[in-house]
Every structure is written in structure tokens, then in C-alpha cells.
Amino acid sequence: MSPKKEGLTVSIIGVRGLGVIYSGFETFVDKLTEKVRRDTQFIIYARKAYQKQNHSKTNVKVIPIYTVRGKHLETFFYSMVSNIHSYFSLENPLYLFET
């Protein structure tokens, strides 16, 4: 069994994708993942349609979320699926949401 990593796990829900800049929140998340200690692990829930490029950040895992495309349903389904996935798959994460 491998030793448990020290550090914090931050789950980020509410961005379209890593490296995709549509608003100040995406810019904030991009800079946050660069500036925070390396023992902090980031799990970013990105909308699959917007996450087109790979990233080179070793402390970031991007989970693409497939969602219904449309003005009124996309955000609702993305948020619901992201929250359900993170609730059942992560151990004591710190959440960061766009409001």
C-alpha cells in the first residue's frame, strides 16, 4: 500500500475548462493552480465541450463532464453531475464553486 499523500485536495466546480478563459473565475482557477503549494491536489470538473487541450500541471486532474447542451439545461446538468461525482469519489475535499 502506498503512503497517503500529505496536502489538501481542492475540488473546483464551475469552470468551463482549464486553460479556457471566458471569465474572471476561469482566470482565477488557472492562476490558483500555478501559485499554490505543490502538495495541493486540484480536481477540476470541466465541461467536456470546452476542455479541448491537455494541460501540463502535475498537481491538477481534469475530469470532463458530459452534459446536455443548451442555454437553460447545460449549467444545471453540469453542476448536478459534478457534485454527485465528487461526493461519492473524493475523500474530504475542499470545494470551490463559482456563484
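About the cut-offs
Residues numbered from 1 in each chain as written. Predicted model: local features only at pLDDT ≥ 70, side-chain atom pairs only at ≥ 80, totals over all residues. Heavy atoms only, no water. Helix = DSSP H or I, 4+ residues; strand = E, 2+ residues; numbered from the N terminus. Buried < 20%, exposed > 50% of the residue type's maximum accessible area, 1.4 Å probe, protein only. Contact = heavy atoms within 4.5 Å. Areas by Shrake-Rupley, 256 points an atom, 1.4 Å probe, with all protein chains shown as cover. Phe/Tyr/Trp six-rings, centres within 6.5 Å; stacked < 30°, edge-to-face > 60°. Lys NZ or Arg CZ within 6 Å of the ring centre and 35° of its normal. pLDDT = per-residue confidence, 0-100. Expected span 1.5 Å × (residues − 1). Arc of directions from axis to C-beta. Salt bridge = Lys/Arg side-chain N within 4 Å of Asp/Glu carboxyl O.

1. A look at the overall build of the protein
- For the protein, the helix and strand inventory stands at two helices and four strands.
- In sequence order, the secondary structure elements of the protein are arranged as β-α-β-β-α-β.
- For the protein, the proportion of its 99 residues judged to be buried stands at 35%.
- For the protein, restricting intrachain contacts to residue pairs at least 6 apart in sequence, the fraction spanning at least 24 positions comes to 56%.
- When the accessible surface of the protein is summed, it comes to about 6800 Å², and 58% of that surface belongs to carbon and sulfur atoms.

2. Here's the deal with the packing of aromatic side chains
- In the structure shown here, the tally under the stated rule is three aromatic pairs.
- Considering the side-chain rings of Phe-76 and Phe-77, the 5.3 Å spacing of their centres and the 75 degrees angle between planes classify their relative orientation as edge-to-face.
- Using a relative accessible area of 27% as the deciding quantity, one classes Phe-77 as partly exposed.
- The ring of Tyr-78 has Arg-47 lying over it, and the distance from NZ or CZ to the ring centre is 4.6 Å.

3. Digging into the side chain of Asp-30
- Within the secondary structure, Asp-30 is located in helix H1 (residues 24-35).
- Beyond its immediate stretch of four places on either side in the chain, Asp-30 contacts Leu-18, Gly-19 and Lys-57.

4. Quick notes on the confidence of the model for the protein
- Confidence along the protein averages 78 in pLDDT terms, with 80% of residues attaining 70 or more.
- Considering each helix and strand of the protein separately, the mean pLDDT is smallest for strand E4 (residues 94-97), with a value of 64, and largest for strand E3 (residues 60-65), with 88.

5. Points about H1
- Between its first and last C-alpha, H1 extends 16 Å over 12 residues, near the 16 Å set by a 1.5 Å rise per residue.
- Within H1, burial applies to Phe-25, Glu-26, Val-29, Asp-30 and Thr-33. On an axial view of H1, the arc spanned by its buried residues comes to 140 degrees, and they lie on one face. Along H1, the residues that are exposed and aim more than 90 degrees away from the buried face are Gly-24 and Lys-35.

6. Observations regarding the pattern of salt bridges
- Tallied over the entire structure, the rule returns two salt bridges.
- Residue Glu-74 is joined to Arg-47 by a salt bridge in which the shortest nitrogen-to-oxygen separation is 3.8 Å. Taken as a pair, Glu-74 in helix H2 (residues 74-89) and Arg-47 in strand E2 (residues 41-47) lie far apart in primary sequence, 27 residues in all. Comparing Glu-74 with Arg-47 shows no difference in burial state: the two are buried.
- Across the pair Arg-69 and Glu-74 runs a salt bridge, and its minimum N-O distance is 3.8 Å.
- In the salt-bridge network here, residues are joined through shared partners; they are Arg-47, Arg-69 and Glu-74.

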